Amino acid sequence: MTAGTTAAPSSQTTQVQQRDVLIVGGGFGGMYAVYKFNSMGMRLQAFESGGDLGGVWYWNRYPGARVDLPSIDYSFSFSREIEQEWTWSEQYAGQPELLKYIDFVATRLDLRRHYQFNTRVNSAVWDEARQVWTLKTARGEVFEAPFCIMATGPLSVPKKPEFDGLENFKGRVLHAARWPHEPVDFSGKRVGIVGTGSTGIQIVQEVGRQAGETFVFQRTPSFTMPMRNVPLDAEYVAEVKRHYAGIREVARNSAIGGSRPTSTRAFFTATPAQRQSLLEDSWKQGGLAMLGTFGDLMTNEEANEHVANFVRKKIGEVVTDPVTADKLTPRGYPIFARRPCLDTGYYETFNLPTVHLMDCLTDPIVEATEKGIRTTSGETELDYIILATGYDGLTGALLSFEVRGREGRTVQDKWKDGPRSHLGIMMEGFPNLFMTTGPNGPAALANIIRISENDVDWIADAITHLRQNRLGSIEPTLKSENAWMELVYNLARHSLLNKAKTWYVGANVEGKPKGLSQFVGGFLKYREHCAAAAQNGYQGHRLEPAAQAALAALAA
Ligand code: NAP
């Protein structure tokens with residue numbers, strides 16, 4: 001069957017464009033989905049609201065944007081050729097290099113021809129009788145296909161700060177997640193940076209060194225550890241390329257989806273001297289090495305507190321002003337319960353006379369004004385306000401438009417008390433709708449590219465099963481969805497991730513249901529659950545025979 005256009009049943013004027021699969025999103029998940037389904041000979045259409053591929057890396061062009069997993073791990077594993085042809089220059093790639101990599105992959109695999117860029121999808125509605133998803137774009141186009149993939153990403157909807165007045169500010173407001181394409185020169189300017197999560201920390205250490213005066217509006221201090229980024233020399237790269245298959249195997253069989261060493265050793269089985277020595281080594285090694293020193297840091301509160309104290313002490317050793325050091329010191333939540341940040345001289349930045357810490361715990365932001373930011377104690381005049389205030393994470397993207405499943409049921413309704421799905425990939429009541437890195441998988445807790453590849457492969461296998469068996473739709477039963485959610489919640493109950501107010505638990509967005517709904521059992525276990533769900537003819541799923549029209553399309 002060739003790509004076709006038929007008159008829409010609901011309208012005499014709009015033409016409906018027929019495909020086999022529709023893909024929303026141009027980040028890593030969407031790119032791999034496009035490659036995979038194209039390789040399967042499916043006619044597809046993909047949509048991306050940005051002007052090009054890259055997802056978060058397309059939008060987050062702020063100074064200092066850099067991945068916090070080793071580049072070797074944070075890259076596609078499905079193509080041996082791409083692994084061999086592409087060469088990373090740094091251990092932790094910066095955003096410009098990540099965009100170059102994305103461009104390299106897209107060009108090499110000719111992915112862009114399947115995309116409509118600058119195109120927002122406004123609605124996705126399931127037609128049960130015909131077994132098709134109908135997607136409408138903001139441009140007024142209508143597409144239909146039996147399958148729809150939401151590769152909309154866990155961090156794609158920037159969060160608006162709770163304070164008002166930004167529209168009155170006479171200077172320039174920049175959101176980290178909507179950064180302009182042209183460089184911004186902060187020399188000699190007064191810059192306010194709101195937010196000190198992973199994003200804010202990366203911005204402060206860059207802008208703080210350039211701007212005339214920098215004011216860092218910090219509410220909750222984060223724990224951050226040295227990244228110790230290094231250029232990758234040719235010998236090391238050659239070695240990696242020789243052993244890529246093994247490196248990928250290690251990643252696939254790990255909890256984090258990467259090759260970083262982890263430990264199963266319990267903290268208190270080591271002597272105090274051994275612990276100190278291991279922590280010092282991991283600090284010197286940099287990156288997330290510390291998280292891998294012991295196996296119980298996310299479950300044993302006392303062990304966690306020892307590690308937290310180790311990092312707190314380091315802050316005091318770097319920051320010369322004791323009051324500033326004290327304000328930068330995180331307290332009241334476990335280390336690693338917020339995303340651990342990796343920095344390059346973040347704490348040192350506060351030793352510069354031009355960098356000022358504004359403590360929003362004692363002196364919160366009241367509003368933005370014409371001239372700058374007003375906190376309870378007074379107004380700070382600024383030329384720029386940089387918002388590093390985070391995202392409506394995990395669920396924000398899918399909830400931002402109309403998605404209707406069987407009997408007109410919306411995702412908003414389904415998720416009113418928090419996200420529910422099976423494996424983070426499918427939802428009961430939404431046949432043939434698939435998510436990559438969905439909210440009940442390990443999305444924020446393991447390498448997102450490994451999860452994307454796993455999810456797309458799972459979806460491709462499920463579609464192949466339908467096609468081979470002349471079936472028209474698949475969706476998890478309520479029983480299997482409930483069992484998955486019970487497992488997710490049971491595991492989450494023991495995790496210290498619950499003990500901090502973060503986007504992981506929905507605490508950063510007012511009115512959002514709270515709770516840890518991600519799978520904390522690790523990437524390997526997640527893969528095992530995905531594989532088990534596909535066994536025995538997708539037992540645990542409701543499989544419907546193909547309706548006439550859809551059957552013809554599938555068989556063609
Ligand atoms: P985030 O971790 O949610 O941090 C947002 C920050 O904004 C918090 O410090 C928050 O304070 C602050 N904030 C929000 N509203 C505020 C207000 N009204 N006044 C003062 N402060 C306010 O968001 P993010 O830093 O963008 O990071 C999100 C995720 O993106 C990370 O967890 C990570 O997964 C990913 N990321 C990764 C990298 C990397 O790979 N290197 C880099 C950047 C981001 P409170 O905590 O008190 O609410």
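These remarks concern the structure in this document.

The rules behind each value
Residues numbered from 1 in each chain as written. Predicted model: local features only at pLDDT ≥ 70, side-chain atom pairs only at ≥ 80, totals over all residues. Heavy atoms only, no water. Helix = DSSP H or I, 4+ residues; strand = E, 2+ residues; numbered from the N terminus. Buried < 20%, exposed > 50% of the residue type's maximum accessible area, 1.4 Å probe, protein only. Core = buried A, V, L, I, M, F, W, Y, C linked by side-chain atoms within 4.5 Å. Phe/Tyr/Trp six-rings, centres within 6.5 Å; stacked < 30°, edge-to-face > 60°. Lys NZ or Arg CZ within 6 Å of the ring centre and 35° of its normal. Contact = heavy atoms within 4.5 Å. Pairing = 2+ DSSP bridges. Axes fitted to C-alpha atoms, helices over the stretch in contact; angles between N-to-C directions. Near = heavy atom within 4 Å. Polar contact = N/O pair within 3.5 Å; in protein donor to acceptor, adjacent residues only side chain to side chain. Areas by Shrake-Rupley, 256 points an atom, 1.4 Å probe, with all protein chains shown as cover. Nonpolar A, V, L, I, M, F, W, Y, C, P; charged D, E, K, R; others polar.

1. Side note on the side chain of Gln45
Following the sequence through the fold, Gln45 ends up in strand β4 (residues 44-47). By relative accessible area, which is 9% here, Gln45 ends up buried.

2. Considering the nonpolar core
By size, the foremost hydrophobic cluster in this structure holds 65 residues, and its most contacted members are Phe37, Phe76, Trp88, Ile425, Phe434, Trp458 and Tyr526. Tallying contributions element by element places helix α14 (residues 448-468) first for this core, with 9 residues. Residues Leu279, Leu288, Phe294 and Ala444 belong to the second largest nonpolar core, which totals 34 residues.

3. Examining the packing of aromatic side chains
Geometrically, a pair of aromatic rings is defined through the distance of the ring centres and the angle of the planes. Applying the stated rule across the entire model yields 31 aromatic pairs. Ring geometry for Trp283 against Phe310: centres 6.1 Å apart, planes inclined by 75°, an arrangement best described as edge-to-face. Of this pair, Trp283 sits in helix α8 (residues 272-285) while Phe310 is found in helix α9 (residues 301-318), placing the two residues 27 residues apart along the sequence. For Phe310, a relative accessible area of 7% translates into the label buried. Each member of the aromatic cluster is reached from another via a ring pair, and the members are Phe28, Tyr32, Tyr35, Trp57, Tyr74, Phe76, Phe78, Trp86, Trp88, Tyr101 and Phe104. Between the NZ or CZ atom of Arg61 and the centre of the ring of Tyr58, over which it lies, the distance is 4.8 Å. In this structure, Arg178 is placed above the aromatic ring of Trp59, and the distance from its NZ or CZ to the ring centre is 3.9 Å.

4. Here's the deal with the environment of Asn38
Tracing the sequence through the fold places Asn38 in helix α1 (residues 28-39). The sequence separation of Asn38 and Pro183 amounts to 145 residues, and the corresponding C-alpha distance is 36 Å. Setting aside its immediate chain neighbours within four residues, Asn38 contacts Leu44, Arg113 and His114.

5. Regarding the sheet that holds strand β9 (residues 147-150)
Strands sit in the order β5-β4-β3-β9-β21 across an open sheet of 5 strands; the sheet is parallel. Either end of the sheet is taken by a strand with one partner, and the two such strands are β5 (115-116) and β21 (433-435). Note that β9 and β21 share 3 bridges and pair parallel. The residue of β21 that forms the bridge with Met150 is Met435. Strands in contact with α1 are β3 (21-24), β4, β5 and β9; relative to β3, the strand with the most contacts, it is inclined by about 165°. Taken strand by strand, α14 contacts β9 and β21, and its axis lies near 160° from that of β21.

6. Regarding the site of the ligand
Around the ligand sit 25 residues, and of these Arg66, Thr199, Arg219, Thr220 and Trp503 come closest. Here Glu162 contributes a side-chain N or O atom positioned 2.9 Å from a nitrogen atom of the ligand. Interatomic distance of 2.6 Å between a side-chain N/O atom of Thr199 and an oxygen atom of the ligand. In the complex, the protein chains occlude 89% of the 910 Å² of accessible area that the ligand would expose alone. It is helix α5 (residues 198-210) that provides the largest number of residues to the shell around the ligand, a total of 3 residues. Among the residues making up the shell around the ligand, the classes are represented as 9 nonpolar, 9 polar and 7 charged.

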